[in-house]
Amino acid sequence: MSSFPQIKVIDSHTGGEPTRLVIEGGPDLGGGPLADRVKVFREQHDKFRTAIVGEPRGSDVSVGALLVEPHDKSCQFGIIFFNNVGYLGMCGHGTIGVIVSLAHAGLLTPGLVKLDTPAGVIVAVLAAGGVVTFDNVPSYRREKALPVYLPGIGDVSCDLAWGGNWFCVIDEHSQRLELNNIAQLTAYCVRVRQAVADTGFSEVDHVALFGPGTKAGASSRNFVLCPGGAYDRSPCGTGTSAKLACLAADGKLAVGTEWVQESIVGSVFRAKHRRQGDKIVPTITGTAYVTGEATLLLDQADPFAWGIR
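Residues numbered from 1 in each chain as written. Predicted model: local features only at pLDDT ≥ 70, side-chain atom pairs only at ≥ 80, totals over all residues. Heavy atoms only, no water.

Trainee: Provide a residue-level description of a nonpolar patch on the surface, including the pertinent values.
Mentor: A contiguous nonpolar surface patch, about 290 Å² in accessible area, is contributed by Leu112, Val121, Val123 and Val125. The element contributing the most residues to the nonpolar patch is strand E7 (residues 120-126), with three residues. (Patch = residues over 30% accessible without salt bridge, like charges linked within 9 Å, V, L, I, M, F, W, Y side chains within 5 Å. Areas by Shrake-Rupley, 256 points an atom, 1.4 Å probe, with all protein chains shown as cover. Salt bridge = Lys/Arg side-chain N within 4 Å of Asp/Glu carboxyl O. Helix = DSSP H or I, 4+ residues; strand = E, 2+ residues; numbered from the N terminus.)

The following block contains the structure:
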């Protein structure tokens, strides 16, 4: 067997988007701030990432979460998020999934919980029925109405915003936000992401399209393309945070006013914000469900033990 003979995981989904929490058997990343440990993860143990979320055990849509000791002593847990192509500073749906999974494992009870992440400390409350409300990291808009050119379409106006990850936020796009239009939406967002990178913002790796909500009470519906090419089944917590930062910057959403974000599959997050200097602190509420527990095995004789790389 490999140096990671048994890896215990708990699987969940938040609004349709899966999270795989590694509770035992992860690599030793040492101590220090989680941002430093992510560097160790990336440089020394990246094959562990592909083993957990890559094929044949995972898929492009899977998000992994490694349970580690927190650096911030006010936190009960440390979490490092990763996906099929790399590492995430924060993950909204993953935060909800992790907390519900930790409760399922008997590691926490309903009430207040604090998570140390590479993007900062996340304060959350677990309620009955797998409902989690958390304060995301301070979010803000970096660029307003940045024009990017798409051949055959013309200029597209984008806002660039931070919500724990970098987002290109687009409201005017003439795209049909329907589940049966995923291929077209994906192709469009891939082109937008490349165009944004060509303007000098290569760190912007998520693209979020927004349109009218289709469910009763929904403020908006979105389609979010994640860095690895998969679309977010959930309404995307960091993407919703980036959207709120843009709305707040334009004076279109008052402090404390609820915004109901619908995903492309129809799941919803409820969100609001408060001011923190020139930034906002978004508060996101969503629900996760545990879908399974497993012990993953890494067999040295398996040519794809570490995933298809």
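Trainee: Quick one: what's the story with the environment of Pro56, residue by residue and with numbers?
Mentor: In this fold, Pro56 is placed in the loop between helix H2 (46-53) and strand E3 (63-68). Pro56 sits in the exposed class, given a relative accessible area of 55%. If near-sequence neighbours (up to four positions away) are discounted, Pro56 is found in contact with Phe304, Gly307 and Ile308. (Buried < 20%, exposed > 50% of the residue type's maximum accessible area, 1.4 Å probe, protein only. Contact = heavy atoms within 4.5 Å.)

Trainee: Please provide a residue-by-residue account of the environment of Ile284, values included.
Mentor: Turning to its location among the elements, Ile284 is positioned in strand E16 (residues 279-297). Given a relative accessible area of 0%, Ile284 falls into the buried group. For the pair Ile284 and Val260, spaced 24 residues apart in sequence, the C-alpha to C-alpha distance is 9.6 Å. Aside from chain neighbours lying at most four places away, what touches Ile284 is Val132, Thr133, Phe134, Gly237, Thr240, Ser241, Phe269, Arg270 and Ala271.

Trainee: Outline the nonpolar core, listing residues and values.
Mentor: Phe81 and Ile99 are the most contacted members of the largest nonpolar core, which has 34 residues in total. The greatest single-element share of this core, amounting to five residues, is contributed by helix H3 (residues 92-104). For Phe81, the contacting residues outside a window of four places in its chain are Val63, Gly64, Ala65, Tyr87, Leu88, Met90, Cys91, Gly94, Thr95 and Val98. The next biggest cluster of nonpolar side chains, apart from the first, holds 25 residues, and it includes Leu160, Ile182, Phe223 and Ile264. (Core = buried A, V, L, I, M, F, W, Y, C linked by side-chain atoms within 4.5 Å.)

Trainee: Describe the packing of helix H1 (residues 34-44) against H2, with residues and values.
Mentor: At their nearest, the axes of H1 and H2 sit 5 Å apart, and the two run at 85° to each other. When the interaxial angle is binned, H1 and H2 end up roughly perpendicular. Two secondary-structure elements touch here, H1 through Phe41, Arg42 and Gln44 and H2 through Asp46, Phe48 and Arg49. Across the contact of H1 with H2, the residue classes tally to two nonpolar, one polar and three charged. (Axes fitted to C-alpha atoms, helices over the stretch in contact; angles between N-to-C directions. Parallel < 35°, antiparallel > 145°, perpendicular 65-115°, else oblique. Nonpolar A, V, L, I, M, F, W, Y, C, P; charged D, E, K, R; others polar.)

Trainee: Go over H2, please, and point to the residues and values.
Mentor: With seven of eight residues buried, H2 is to be regarded as a mostly interior element. Residues of H2 that are buried include every one of Asp46, Phe48, Arg49, Thr50, Ala51, Ile52 and Val53, and no others.

Trainee: Break down unusual backbone geometry for me, with residues and values.
Mentor: Residue Glu55 is joined to Pro56 through a cis peptide bond whose omega torsion reads 10°. Despite not being glycine, Ala145 shows a phi value in the positive range, around 55°. With respect to the element layout, Ala145 can be found in strand E9 (residues 140-150). Positive phi outside glycine occurs at Ser174, with the angle close to 60°. Residue classification places Ser174 among the exposed positions, given a relative accessible area of 79%.

Trainee: Summarise the pattern of salt bridges; cite the residues concerned and give the values.
Mentor: Any two side chains of opposite charge can pair, on the condition that their charged atoms come close. Applying the stated criterion to the full structure yields eleven salt bridges. The shortest N-O distance in the salt bridge between Lys243 and Asp171 comes to 2.7 Å. A residue pair is termed long-range when its members are at least 10 positions apart, and Lys243 in helix H5 (residues 237-249) and Asp171 in the loop between strand E11 (166-170) and helix H4 (182-198) qualify at 72 residues. Three or more residues joined by partner-sharing salt bridges are found here, namely Arg141, Lys144, Asp159 and Asp250.

Trainee: Which residues make up the pairing of strand E8 (residues 131-135), and what values go with them?
Mentor: Put simply, side chains in a regular strand alternate between the two faces of the sheet. Here E8 shows a clear split, with Val132 and Phe134 buried on one side and none of Val131, Thr133 and Asp135 buried on the other. Sheet topology places E7 next to E8; four bridges connect them, and they run antiparallel. Bridge pairing in E8 places Val125 opposite Thr133. Hairpin geometry of E7 and E8 is characterised by an intervening segment of four residues between the two adjacent antiparallel strands and by a positive phi of about 75° at Gly129. Across five bridges, the pairing between E8 and E16 is antiparallel. In the strand pairing of E16, Thr133 is matched with Thr285. (Pairing = 2+ DSSP bridges.)

In short, geometric facts, not functional conclusions.
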